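# Structural description and commentary
Okay, here's what each chain looks like letter by letter:
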Amino acid sequence: MSTTTTEQLIAPHGGELVDRTGERPDDLDSLEVVTLTSRELSDLDMLASGALSPLDGFMGQDDYERVLEEMHLANGLPWALPVCLAVDDEPAGARVALADEAGRKVAVLDVMEMYTYIKEAEADRCFRTTDEEHPGVARLYAQKDKYLAGRVTVFERAERPFPELALDPAETRAQFAERGWKRVVGFQTRNPIHRAHEYLTKVALETVDGLLVHPLVGDTKGDDVPADVRIECYRVLLSDYYPSNRVLLAAFPAAMRYAGPREAIWHAICRKNYGCSHFIVGRDHAGVGSYYGTYDAQLIFDEFEPHELDIEPMFFEHSFYCKTCGSMASAKTCPHDAEHHVFLSGTKVRELLANGEIPPTEFTRPEVAEVLIEAYRQES
Ligand SMILES: [Zn+2]
């Protein structure tokens, strides 16, 4: 791959793709060990790969406070969510080893500073609520009381649940360049793709060169469809209904925060690092329960100057199959009442699948339904 081809893709956030992978240091055994939660490990791996460019480590206080209050880093670049490492005490040395919960050392951190933070303030700014029932708030309230900041060097990459789909930003960029794509739309998902989302990815694809289907495979809440089932759904859908030379399926290693609007911005910036020039933002992106308004995750993009984010959001409304139009549509394109539309509630869909019944093909592709039915069958 020559650099001239990748230069035609959108530049990473801040201009350069960060690479914080490195060698296992000789003094590793003498370092104090800080244990990371699985969410912090996801962040660490994304720091290593450059998915969180321009960050090269866990955030210091200047960045943290500016992100909370103004959605920008101290250097002025847009950024929406803290990327922080919570600890109890300040380590004695200038360097610490970072380990997973099993005790496996994976990285070192050069200590820049440790600072206290106010959990309620972070919850209020990032999640727009201090309600402990919110899964992101609950996680925040349960974590340790101080943040340890500093640049990281990762010598042991995280285990990848789907190795063939584990593409770092440099790798997705290389694939896009190889295929001659310049304008690429990223699609974040943590659910099986039914007809509605198939429709909006295809509407988006009509205007660009390629589509990155980028399911999140880090931690999600317990009642979301497990990643392995979702991946199988994506595979059957893509192989039967999308042109293979226009779509790339890769795993997005982030953990869900359920921060709604701010997470939509954060997701978009990460996808820019993966080489996407466009990013799909649907209804209630990264939402949970009824904490966010249906289109809050779209409206938040207005809080940035035009072109400040560089990546272009593509906003979509709720879509459905309209029997009278004879096609997929949305309120923007279909003049007919709800009785003309094929609508099934999430509860109804789960009920059908759990009973081994295939929902209408206007709602979901039968191949996808079969994967889900099989997953329900094995569960019971
Ligand atoms: Zn219609």
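Whatever comes next refers back to the structure up there.
These numbers come from a predicted model, not from an experiment. (Residues numbered from 1 in each chain as written. Predicted model: local features only at pLDDT ≥ 70, side-chain atom pairs only at ≥ 80, totals over all residues. Heavy atoms only, no water.)

### Topic: the overall build of the protein
Assigned secondary structure in the protein consists of twelve helices and 14 strands. Taken against the 2.2 N^0.38 rule, which gives 21 Å for 380 residues, the C-alpha radius of gyration of the protein at 21 Å falls within 12% of a compact globule. Dimensions of the protein along its principal axes, counting C-alpha atoms only, are 70 × 50 × 40 Å. Out of the 380 residues belonging to the protein, those deemed buried represent 53%. A separation of at least 24 residues holds for 73% of the contacts in the protein among residues at least 6 apart in sequence. Accessible area of the protein: about 16800 Å², with a carbon and sulfur share of 46%. Measuring between centres, the 38 positive side-chain charges of the protein sit 4 Å from its 65 negative side-chain charges. (Helix = DSSP H or I, 4+ residues; strand = E, 2+ residues; numbered from the N terminus. Rg over C-alpha atoms; globule rule 2.2 N^0.38 Å. Buried < 20%, exposed > 50% of the residue type's maximum accessible area, 1.4 Å probe, protein only. Contact = heavy atoms within 4.5 Å. Areas by Shrake-Rupley, 256 points an atom, 1.4 Å probe, with all protein chains shown as cover. Lys, Arg positive; Asp, Glu negative; His and termini not counted. Charge placed at Lys NZ, Arg CZ, Asp CG, Glu CD.)

### A closer look at the coordination of the zinc ion
Around the zinc ion, the donor atoms from the protein are C322 (SG), C325 (SG), C334 (SG) and H336 (ND1), and they sit 2.1 to 2.3 Å away. Its four donor atoms give the zinc ion angles of 104 to 116 degrees at the centre, a pattern that matches the tetrahedral case. (Donors = N, O, S within 2.8 Å, 3.2 Å for Na, K, Ca; no water. Tetrahedral: all angles 85-135°; square planar, octahedral: opposite > 155°, others 65-115°.)

### Details of the nonpolar core
Counting residues in each nonpolar core, the largest one holds 75 residues, and the members touching the most others are L44, L52, F58, W79, L85, L98 and W266. Examining the composition of this core, we find that six residues originate from one element, helix α9 (residues 261-273), more than from any other. In this view, L44 contacts L36, F58, L98, V106, A107, V152 and V154; residues no more than four positions away in its chain are not counted. With 40 residues, the next largest nonpolar core counts L211, V213, L238 and L372 among its residues. (Core = buried A, V, L, I, M, F, W, Y, C linked by side-chain atoms within 4.5 Å.)

### Comments concerning a negative patch on the surface
A cluster of like negative charges, contributed by E120, D131, E132 and E133, occupies part of the molecular surface. Looking at the secondary structure, you find D131 in the loop between α4 (119-127) and α5 (135-142). (Patch = residues over 30% accessible without salt bridge, like charges linked within 9 Å, V, L, I, M, F, W, Y side chains within 5 Å. Salt bridge = Lys/Arg side-chain N within 4 Å of Asp/Glu carboxyl O.)

### Side note on the sheet that holds strand β9 (residues 247-249)
Strand order in the open sheet formed by five strands is β9-β8-β7-β10-β11, and the pairing between neighbours is parallel. Lying at the two open borders of the sheet, with one neighbouring strand each, are β9 and β11 (312-315). The average angle at which neighbouring strand axes cross in this sheet is 25 degrees, direction not considered. Where strand β8 (residues 210-215) meets β9, three bridges bridge the pair, whose relative direction is parallel. Within β9, the residue paired with L211 across the bridge is V247. (Pairing = 2+ DSSP bridges. Axes fitted to C-alpha atoms, helices over the stretch in contact; angles between N-to-C directions.)

### Describing α4
Within α4, the full set of buried residues consists of K119, E122, A123, C126 and F127. Buried positions in α4, seen along its axis, are confined to an arc of 100 degrees and lie on one side of it. As for α4, its buried residues are in contact with α3 (61-70), α5, β6 (146-154) and α9. Of the residues flanking the end of α4, it is R128, one or two places downstream, whose phi is positive at about 60 degrees. (Arc of directions from axis to C-beta.)

### So, the sheet that holds strand β13 (residues 327-330)
Read from one edge of the open sheet, three strands run β13-β12-β14, paired in antiparallel fashion. Each edge of the open sheet carries a strand with a single partner, namely β13 and β14 (341-342). Most of the contacts of helix α7 (residues 195-205) go to β13, to which it runs at about 80 degrees, and overall it touches β12 (319-322) and β13.

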